[in-house]
Amino acid sequence: MRLFVAIEISDVLRNSVELRIESTRARLPAASWLRPDALHLTLAFLGEQSDESVETIAGALAVAASTPASFSVHPAGAGFFPHHRAPRVAWITLEPAAPLVALAQSVRKELERAGVGFDGKGFVPHLTICRIRSRWRQEDADAFTQTFSDIDTPPFEVHEVVLFRSELRQEGAVHTPLHRVSLVRRA
């Protein structure tokens, strides 16, 4: 199974992103736009794992989620990987970043401790909006940034981490929650 650990986003943010995708898609060069129901913030990409590993991963997530308290985040800008001048992936970020980074570090530390492999890429708190297929001009990148940098939705509470199975299909990846772990509630 292809697995990843992520945070689900609020329906309000999901709907706002969907409206902006619809208003922007036709004005920009070819890209693979994520379906709004597939939007999430990945904390750790685990790749191919055995069915038996789910229990081990669930245990690691329970330990990782036992310390950090739930927290609120909000969208706070747009950007690109690897960078604005040569965009390959377009994204929006969530802030404050510190609790997201701490949660990702906790999840990754416990996965490592449990012997579960995951990609070692550095963590950048972001929601992938599209993967860019053809070269975007500077004006295209600027148009994306303008469209997605000012999403003004209410903050939403991050109160759990979710282990997902990802099935790659022709119409796009389908993400199925396998296990949810609640963070400690704020007092």
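## Topic: the packing of aromatic side chains
Here comes step 1: Overall, the coordinates contain 7 aromatic pairs when judged by the stated rule.
Here comes step 2: Between Trp-33 and Phe-144, the aromatic rings sit 6.4 Å apart at their centres with planes inclined by 40°, giving tilted as the arrangement. Here Trp-33 is found in strand 2 (residues 31-33), whereas its partner Phe-144 is found in helix 4 (residues 138-148), with 111 residues between them in sequence. Phe-144 matches Trp-33 in its accessibility class, with the two residues each being buried.

## Regarding the sheet that holds strand 4 (residues 71-81)
Here comes step 1: Sheet architecture is open: 5 strands sit in the order 2-6-5-4-7, paired in antiparallel fashion. With partners counted over all chains shown, the strands left at the sheet margins are strand 2 and strand 7 (156-158), one partner each. Direction aside, neighbouring strands of the sheet carry axes that sit 40° apart on average.
Here comes step 2: In the sheet, strand 5 (residues 89-95) pairs with strand 6 (residues 126-132) via 5 bridges, with the strands oriented antiparallel. Residue pairing for strand 6: Val-89 is matched across the bridge by Arg-131.
Here comes step 3: Packed onto the sheet, helix 4 meets strand 2, strand 4, strand 5 and strand 6 and runs at close to 170° relative to strand 4.

## Some points on the environment of Ser-10
Here comes step 1: Mapped onto the elements of the fold, Ser-10 is located in the loop between strand 1 (2-8) and helix 1 (11-24).
Here comes step 2: Here the alpha-carbon distance between Ser-10 and His-83, two residues 73 residues apart in the chain, equals 27 Å.

## Notes on unusual backbone geometry
Here comes step 1: Here the bond from Phe-81 into Pro-82 is cis, since omega is -5°, no more than 30 degrees from zero.
Here comes step 2: Position of Pro-82 relative to the elements: it lies in the loop between strand 4 and strand 5.
Here comes step 3: Here the bond from Glu-95 into Pro-96 is cis, since omega is 0°, no more than 30 degrees from zero.
Here comes step 4: Inspection of the secondary structure assignment puts Pro-96 in the loop between strand 5 and helix 3 (97-113).

## As for the environment of Ile-7
Here comes step 1: Here Ile-7 is to be found in strand 1.
Here comes step 2: With a relative accessible area of 2%, Ile-7 lands in the buried category.
Here comes step 3: In the structure, Ile-7 is positioned 97 residues away from Ala-104 in sequence and 10.0 Å away in space, judged by C-alpha atoms.
Here comes step 4: With residues up to four places along the chain from it excluded, the contact list for Ile-7 reads His-40, Leu-41, Leu-43, Leu-100, Leu-103, Val-158 and Glu-160.

What counts as what
Residues numbered from 1 in each chain as written. Predicted model: local features only at pLDDT ≥ 70, side-chain atom pairs only at ≥ 80, totals over all residues. Heavy atoms only, no water. Phe/Tyr/Trp six-rings, centres within 6.5 Å; stacked < 30°, edge-to-face > 60°. Helix = DSSP H or I, 4+ residues; strand = E, 2+ residues; numbered from the N terminus. Buried < 20%, exposed > 50% of the residue type's maximum accessible area, 1.4 Å probe, protein only. Pairing = 2+ DSSP bridges. Axes fitted to C-alpha atoms, helices over the stretch in contact; angles between N-to-C directions. Contact = heavy atoms within 4.5 Å.

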